[in-house]
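Listed below, chain by chain, are the residues.
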Amino acid sequence: IVLTQCFGVLGLLMFNNGFMFAFLNKLEVSASLILLLLSMPFAGRAVMQIPAAILSDRFGKKRLGYIGLMVSISGFGVLCASSYLPKLFVEGTAIVGIVFYALGAAVFGGSWFALLSPIVPEEIRGSFFGWLRVSWQLVGVCFTFVVMALLKMYTDLWIFQLIAFVVLVALVGRLVFYTRIPELERTGRSDQTLKA
């Protein structure tokens with residue numbers, strides 16, 4: 001569980017620590033579009049997380065989690081690929097990649113805590129989730145310092161591409177660790193709707 005979050009946080013972190021702003025700016029995406037794209041992961045959560053949680057109760061938490069992970073990995077891969085395309089295609093490809101990443105991350109997040117609830121015993125939930133949060137935040141801080149150091153030394157496009165590729169590999173690593181988390185609750189029991 002901890003490794004799943006530590007590997008997965010790097011994708012969202014790229015939108016929070018300024019890297020994605022610098023990356024899209026390097027790709028000569030317009031400033032107004034950059035601001036819109038940076039808000040996509042948060043907009044995706046606002047729109048998709050509750051419907052995804054309801055669907056995960058009906059069809060399976062891990063099933064929805066896998067779908068979310070695959071969509072977010074694909075989206076981030078498309079975003080990485082946009083940096084290799086001719087300028088004419090960069091903005092459109094970046095938009096598609098970020099939208100898919102945002103939707104996938106939201107779908108994954110909608111089932112995450114429900115999946116963990118029966119796994120983590122009640123008596124240690126507070127301390128466990130505290131350590132979980134501290135763990136991924138420390139990974140995020142350390143990774144940000146490494147990225148800062150690299151961007152101070154190199155400013156060419158290849159370093160942005162390399163960092164984005166490392167994050168893509170980390171997202172695939174998250175999928176590997178996610179497969180080891182069991183789904184303990186039976187699915188298909190919920191009749192909840194968006195109105196409930």
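Details of the structure are given in the entry above.
No experiment lies behind these values; they were computed from the predicted model shown. For every chain, the first residue of the written sequence is number 1, and numbering continues from 1 along that sequence. Selection of residues for local features in this predicted model requires a pLDDT of at least 70, selection of side-chain atom pairs for listing and counting requires 80 or more, and totals for whole chains, interfaces and linings are taken over all residues. As a rule here, side-chain values come from all non-hydrogen atoms in the structure, and water together with hydrogens is ignored.

### So, helix 4 (residues 40-59)
Note that the bend at a residue is defined as the angle between axes fitted to the seven residues ending at it and the seven residues starting at it. The helix and strand labels rest on DSSP assignments: H or I over at least four residues marks a helix, E over at least two residues marks a strand, and numbering proceeds from the N terminus. Of all bends in helix 4, the biggest is about 45°, found at Met-48, and the proline Pro-51 comes one to four residues later. Listed in full, the buried residues belonging to helix 4 are Pro-41, Gly-44, Ala-52, Ile-54 and Ser-56. For helix 4, the elements touching its buried residues are helix 1 (2-16), helix 3 (31-38), helix 5 (61-82) and helix 6 (87-116). Categorising residues by exposure relies on relative accessible area from a 1.4 Å probe, with only protein chains included: less than 20% of the type maximum marks a residue as buried, more than 50% marks it as exposed, and the intermediate range marks it as partly exposed. We call two residues contacting when some pair of their heavy atoms lies within 4.5 Å.

### A word on the packing of helix 5 against helix 8 (residues 157-178)
Close contact between helix 5 and helix 8 brings their axes to 10 Å; oriented N to C, the two are set at 165°. Relative to helix 8, the element helix 5 is oriented roughly antiparallel. Every pair of crossing elements has a handedness; the one defined by helix 5 and helix 8 is left-handed. Along the contact surface, helix 5 presents Lys-61, Lys-62, Gly-65, Tyr-66, Leu-69, Met-70, Ile-73, Phe-76, Gly-77 and Cys-80, while helix 8 presents Ala-164, Phe-165, Val-167, Leu-168, Leu-171, Val-172, Arg-174, Leu-175 and Tyr-178. To obtain an axis, a line is fitted to C-alpha atoms, over the contacting stretch when the element is a helix, and the angle between two such axes runs from 0 to 180 degrees between their N-to-C directions. Should an angle lie under 35 degrees it is considered roughly parallel, over 145 roughly antiparallel, and from 65 to 115 roughly perpendicular; all remaining angles are considered oblique. Left-handed describes a crossing in which the near helix is turned anticlockwise from the far one by less than a right angle; the clockwise case is right-handed.

### Some words on the nonpolar core
Here is a general trend for soluble globular proteins: nonpolar side chains tend to be buried in one another's company. Ranked by size, the top nonpolar core spans 41 residues in total, and within it Met-14, Met-20, Phe-23, Leu-24, Phe-76, Leu-79 and Phe-143 carry the most contacts. Put simply, the parts of the chain that give this core at least two residues each are helix 1, helix 2 (19-26), helix 3, helix 5, helix 6, helix 7 (125-153) and helix 8. Looking at this core, the element that brings in the most residues is helix 8, giving 10 residues. Not counting chain neighbours up to four residues away, the residues in contact with Phe-76 comprise Gly-11, Met-14, Met-20, Gly-97, Tyr-101, Ala-164, Val-167, Leu-168 and Leu-171. Side-chain atoms within 4.5 Å link the members of a nonpolar core, which is a set of buried Ala, Val, Leu, Ile, Met, Phe, Trp, Tyr and Cys residues.

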